[in-house]
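Tertiary structure, described
What follows is the residue order along each chain.
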Amino acid sequence: MAESSHCFYCRDDLGGKRFVRNEGRPVCVRCHAKFCANSCAECHRPIGVESKELSHKGRHWHEDCFRCTKCYKPLAKEPFSTKDDRIMCGKCCSREDAPRCHGCYKPILPGTESVEYKGNSWHDECFTCCHCKRPIGSQSFLSKGSDVYCSPCHDRKFAKHCVSCKQAITSGGVNYQEQPWHSHCFVCSSCSKPLAGTSFTNHQDQVFCVDCYKSSVAKKCGGCHNPITGFGKGVNVVNYEGSSWHEYCFNCKRCSLSLSNKSFVAKGKDILCADCADKQ
């Protein structure tokens, strides 16, 4: 580079001076920067002979200007990506392409635990119950409109509560006299047998299974001495002076004539039809 020649542009003697050749022609350092050097895509200044030049897809940078357009990290010795002619480090490029969290609106980076629901994405810690604000994580949840609830909060806010145990009824249940019950709470007041799906009766605001009602509650028929339950045959009942009969048992003691809806005569504990009473 010390050969005797003159700069192609300014004709200065290059003897003993540093110069470069541009398309085979000697050019001094000053004229190279002015007429021949590439312009840096970042700072737009010439990339002189003294500077290290980096090139990518027809564009040129000073080494110190080749940085991520998002975080300004130097990329001369780092892997990088391009997006819309912007140079970015791998991390910023991932952020740029990542879906946005529906809760905090920050990017959900690859490898980050996340939740997808109804076409939206959340960071795992951002997908929270709208009532208690706790992350739902892997537990079950329910939605009400656009709001998401963990199961305990949903039950406390929306579920019917059992008349007996006061806890939320999350599935099934029994409605009796416009009040909700858990199936396992709706039981006989005497023996605690579950009554859901079975025959039962009410006595003084208490429910009883058929067997307990017969043995403990029901009046006994003055004719057959069996319980008058109101189930099946003999639903109609005849009451007279504190005693009760099945309708089909209310008969004349002598001739067995049915006295339902007929006149009768009481003789002690016996009930007689008018004819038998006259004969006596």
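Up top is the structure.
Note that the coordinates shown come from a computational prediction; the quantities given were computed from them, not determined experimentally.

Moving on, we come to the nonpolar core. If you look at soluble globular proteins, the nonpolar side chains tend to sit buried side by side. Ranked by internal contacts, the top residues of the largest apolar core, which has 15 residues, are Trp181, Phe186, Cys188 and Leu195. If you list the elements that add at least two residues to this core, you get β11 (174-176), β14 (206-209) and α4 (210-217). The element best represented in this core is β14, accounting for 3 residues. What Leu195 contacts, discounting residues up to four positions off in sequence, is Phe186, Val187, Cys188, Phe200, Val207, Phe208 and Cys209.

The next subject is the packing of aromatic side chains. What the rule picks out here adds up to 16 aromatic pairs. Ring geometry for Tyr149 against Phe158: centres 5.2 Å apart, planes inclined by 85°, an arrangement best described as edge-to-face. A ring pair is formed by Tyr176 and Phe200, whose centres lie 5.3 Å apart and whose planes are at 75°; its orientation type is edge-to-face. Placement of Tyr176 in strand β11 and of Phe200 in strand β13 (residues 200-203) is noted, with a sequence separation of 24 residues between them. Relative accessible area serves as the criterion here: at 18%, Tyr176 is assigned to the buried category. A residue is classified by how much of its surface remains accessible, and Phe200, at 25% relative accessible area, is partly exposed.

Before going further, it helps to spend a moment on the side chain of Ser5. Looking at the element boundaries, Ser5 is found in the segment before β1 (19-22). For Ser5, a relative accessible area of 13% translates into the label buried. Ignoring anything within four residues of it in the chain, the contact list for Ser5 reads Asp12, Asp13, Leu14, Gly15, Phe19 and Pro26.

Once that is clear, we can look at the pairing of strand β8 (residues 120-123). Sheet topology note: the strand β7 (residues 114-117)/β8 ladder contains 4 bridges and is antiparallel. Directly across from Glu116, in β8, lies its bridge partner Ser121.

Before going further, it helps to spend a moment on a nonpolar patch on the surface. A grouping of Phe8, Tyr9 and Phe35 is seen on the molecular surface, where their side chains present a nonpolar patch of about 280 Å² in accessible area. With respect to the helices and strands, the residue Phe8 is situated in the segment before β1.

A few words now on α4. Of the positions making up α4, those classed as buried are Val210, Cys212 and Tyr213. Around the axis of α4, the buried residues are gathered within 165° of arc, so they sit on the same side. Relative to its buried face, α4 has exposed residues pointing more than 90 degrees away, namely Asp211, Ser215 and Ser216. For α4, the secondary structure elements touched by its buried residues are β13 and β14.

Side chains that differ in charge, positive against negative, can pair when their charged atoms come close. As enumerated under the stated definition, the model contains 3 salt bridges in all. Between Glu23 and Arg25 there is a salt bridge, with the nearest N and O atoms lying 3.2 Å from each other. Taking the relative accessible area as the measure of exposure, Glu23 reaches 69% and is therefore exposed. We classify Arg25 as partly exposed; its relative accessible area is 30%. Measuring nitrogen to oxygen at the nearest pair gives 3.1 Å for the salt bridge that ties Asp64 to Arg67. According to the relative accessible area criterion, Asp64 is exposed, its value standing at 54%.

When helix α3 (residues 151-158) is considered as a whole, its buried residues turn out to be Ser151, Cys153, His154 and Asp155. Tucked into the core, α3 has its buried residues touching β9 (141-144) and β10 (147-150).

On the secondary structure map, Lys133 appears in the loop between β8 and β9. Since its relative accessible area comes to 56%, Lys133 is described here as exposed. Residues Lys133 and Asn226, spaced 93 residues apart in sequence, show a C-alpha to C-alpha distance of 62 Å. A polar contact of 2.9 Å, which involves the side chain of Lys133, links it to the backbone oxygen of Cys130.

Okay, a positive patch on the surface next. A contiguous patch of positive charge on the surface is contributed by Lys73, Lys91, Arg95, Arg100 and Lys106. By secondary structure assignment, the location of Lys106 is in the loop between α2 (90-97) and β7.

Our next topic: the state of the cysteines. Counted by the stated rule, this structure contains 0 disulfides. Among the cysteines around Cys7, which has no disulfide bond, Cys10 carries the closest sulfur, lying 3.6 Å off. Cys249 provides the cysteine sulfur closest to Cys221, a residue in no disulfide bond, and the two sulfurs are 3.8 Å apart. On the accessibility criterion, Cys221 (1% relative accessible area) is buried.

Quick notes on the rules
Residues numbered from 1 in each chain as written. Predicted model: local features only at pLDDT ≥ 70, side-chain atom pairs only at ≥ 80, totals over all residues. Heavy atoms only, no water. Core = buried A, V, L, I, M, F, W, Y, C linked by side-chain atoms within 4.5 Å. Buried < 20%, exposed > 50% of the residue type's maximum accessible area, 1.4 Å probe, protein only. Helix = DSSP H or I, 4+ residues; strand = E, 2+ residues; numbered from the N terminus. Contact = heavy atoms within 4.5 Å. Phe/Tyr/Trp six-rings, centres within 6.5 Å; stacked < 30°, edge-to-face > 60°. Pairing = 2+ DSSP bridges. Patch = residues over 30% accessible without salt bridge, like charges linked within 9 Å, V, L, I, M, F, W, Y side chains within 5 Å. Areas by Shrake-Rupley, 256 points an atom, 1.4 Å probe, with all protein chains shown as cover. Salt bridge = Lys/Arg side-chain N within 4 Å of Asp/Glu carboxyl O. Arc of directions from axis to C-beta. Polar contact = N/O pair within 3.5 Å; in protein donor to acceptor, adjacent residues only side chain to side chain. Lys, Arg positive; Asp, Glu negative; His and termini not counted. Charge placed at Lys NZ, Arg CZ, Asp CG, Glu CD. Disulfide = S-S within 2.5 Å.

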